[in-house]
Amino acid sequence: MKSEELWNKVGYFSIAYLKDFASKIKELFIEKNYKIDLIVGGGNTGASMTRLTQIILKDLKINIPSLALPIYRYTPTKKNNKPYEGGYKDKFDNSILLDDVKKKLRGISFNNVIFVDDEIGEGNTAKMTLDLLIKASEKPIKNYFLVAEDQDFLKINNWVNKYSKINIKIFPYRKGIKNLFNIITYNVPYNYNVKIKNIIPVNELSETAYMNVLLGEPVKEFINGMPKFTYKYEEILNKKIKGFKKMQKDYLEYLKIILNM
């Protein structure tokens, strides 16, 4: 199967996932009228999904603060720092981000939080994000709602019950498909994919992060032992691709059409 045909085939599913994600967000905020204080996400897909959530909420005239964190699930190594951050070995201690989290959330009271991601299995990123929020919050967190594609989270997680005083609940927008991952991120049109890949190889910038740079969102990197967000890839593409800013603008309009905005 040619690369364009394969990309478009996955992209067909991705568009359906985008619609389902938007429907789930609208269900929680409009139909169920949940009172949410903060939207959070972790890692690259967390940055793109928090932005996507804000795009949906803006159309609904709902204004809620959001926070994306450069969470690392596993400690990167020189030999293996992409895409799985060290090969599922040592969990990374993200408490190093706490001071920055406190600074960004200063003055914001958040008892009810929604964590958004493209998919969730073990839920390591969701847990690491929650641990930081607990330490950063002046008041107890009451509800921690998860909105993501369900990769058997309810079957394989082993940490939810440890937070007995917090109501943790998943609202899956889709059930995962075996051996297909990060599906929602493959909504990027194929011609955009090619232009980005021709400038930055996939071993430097994963295709799952193309949504980030097109939305003007950062990509995480591990710099001097510290997880950080960087806009360097967007800056490179802006210099190397003529009309990249227009491409970003067109991509946003493309998303809005998919989401019926």
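Structural notes, computed from the coordinates. (Residues numbered from 1 in each chain as written. Predicted model: local features only at pLDDT ≥ 70, side-chain atom pairs only at ≥ 80, totals over all residues. Heavy atoms only, no water.)

**Some details on the packing of helix H8 (residues 232-240) against helix H9 (residues 244-258)**
At their nearest, the axes of H8 and H9 sit 8 Å apart, and the two run at 115 degrees to each other. In this structure, H8 contributes Glu234, Leu237 and Asn238 to the contact, and H9 contributes Phe244, Lys245 and Gln248. A breakdown of the residues in the contact of H8 with H9 according to their chemical character gives 2 nonpolar, 2 polar and 2 charged. (Axes fitted to C-alpha atoms, helices over the stretch in contact; angles between N-to-C directions. Helix = DSSP H or I, 4+ residues; strand = E, 2+ residues; numbered from the N terminus. Contact = heavy atoms within 4.5 Å. Nonpolar A, V, L, I, M, F, W, Y, C, P; charged D, E, K, R; others polar.)

**Here we look at the environment of isoleucine 64**
With respect to the helices and strands, isoleucine 64 occurs in the loop between helix H2 (43-59) and strand E2 (66-69). The class of isoleucine 64 is buried, set by a relative accessible area of 9%. Distance from isoleucine 64 to leucine 97, taken between C-alpha atoms, is 22 Å for residues 33 residues apart in sequence. With sequence-adjacent residues up to four places away left out, isoleucine 64 is seen in contact with Phe29, Ile36, Asp37, Leu38, Ile39, Gln54 and Leu57. (Buried < 20%, exposed > 50% of the residue type's maximum accessible area, 1.4 Å probe, protein only.)

**Looking at the pattern of salt bridges**
Close approach of charged atoms allows side chains of opposite charge to pair. Tallying each qualifying case throughout the model produces 11 salt bridges. Here lysine 175 ties to aspartate 152 by a salt bridge, and the two come within 2.4 Å at their closest N and O atoms. With lysine 175 in strand E6 (residues 174-175) and aspartate 152 in the loop between strand E4 (143-150) and helix H5 (153-156), the pair connects residues that are 23 residues apart, well separated along the chain. A relative accessible area of 30% means that aspartate 152 is categorised as partly exposed. With its nearest N and O atoms 3.4 Å apart, the salt bridge here joins glutamate 221 to lysine 232. On the criterion of sequence distance, the pair formed by glutamate 221 in strand E7 (residues 219-223) and lysine 232 in helix H8 is long-range, its members being 11 residues apart. Exposure remark for glutamate 221: the relative accessible area of 14% places this residue in the buried category. Three or more residues are tied together by salt bridges with common partners; here these are Lys24, Glu27 and Lys32. (Salt bridge = Lys/Arg side-chain N within 4 Å of Asp/Glu carboxyl O.)

**Brief notes about the packing of aromatic side chains**
Within this structure, the stated rule accounts for 13 aromatic pairs. Ring geometry for tyrosine 72 and phenylalanine 92: centres 6.4 Å apart, planes at 65 degrees, overall edge-to-face. Here tyrosine 72, found in the loop between E2 and helix H3 (98-104), pairs with phenylalanine 92, found in the loop between E2 and H3; they are 20 residues apart in sequence, far enough to count as distant. For phenylalanine 92, a relative accessible area of 11% gives the class buried. Plain terms: the ring middles of tryptophan 159 and tyrosine 163 are 5.8 Å apart, the flat faces sit at 85 degrees to each other, and that makes the pair edge-to-face. Like tryptophan 159, the residue tyrosine 163 is buried in the burial classification. An aromatic cluster is built from Tyr17, Phe21 and Tyr173, whose rings are joined through pairwise contacts. Between the NZ or CZ atom of lysine 220 and the centre of the ring of tyrosine 72, over which it lies, the distance is 4.3 Å. (Phe/Tyr/Trp six-rings, centres within 6.5 Å; stacked < 30°, edge-to-face > 60°. Lys NZ or Arg CZ within 6 Å of the ring centre and 35° of its normal.)

**Some words on the pairing of strand E1 (residues 38-42)**
Within E1, 5 of the 5 residues are buried, leaving the element largely enclosed by the surrounding structure. Burial of E1 is two-sided: the residues Leu38, Val40 and Gly42 facing one way and the residues Ile39 and Gly41 facing the other way are all buried. Sheet analysis places E1 next to strand E3 (residues 112-120), joined by 3 bridges and oriented parallel. Paired with isoleucine 39 across the strands is isoleucine 114, a residue of E3. Note that E1 and E2 share 4 bridges and pair parallel. The residue bridging glycine 41 from the neighbouring strand is alanine 68, located in E2. Once you follow E1 into H2 and on to E2, the crossover reads as right-handed. (Pairing = 2+ DSSP bridges. Right-handed = clockwise from strand over helix to strand, strands pointing away.)

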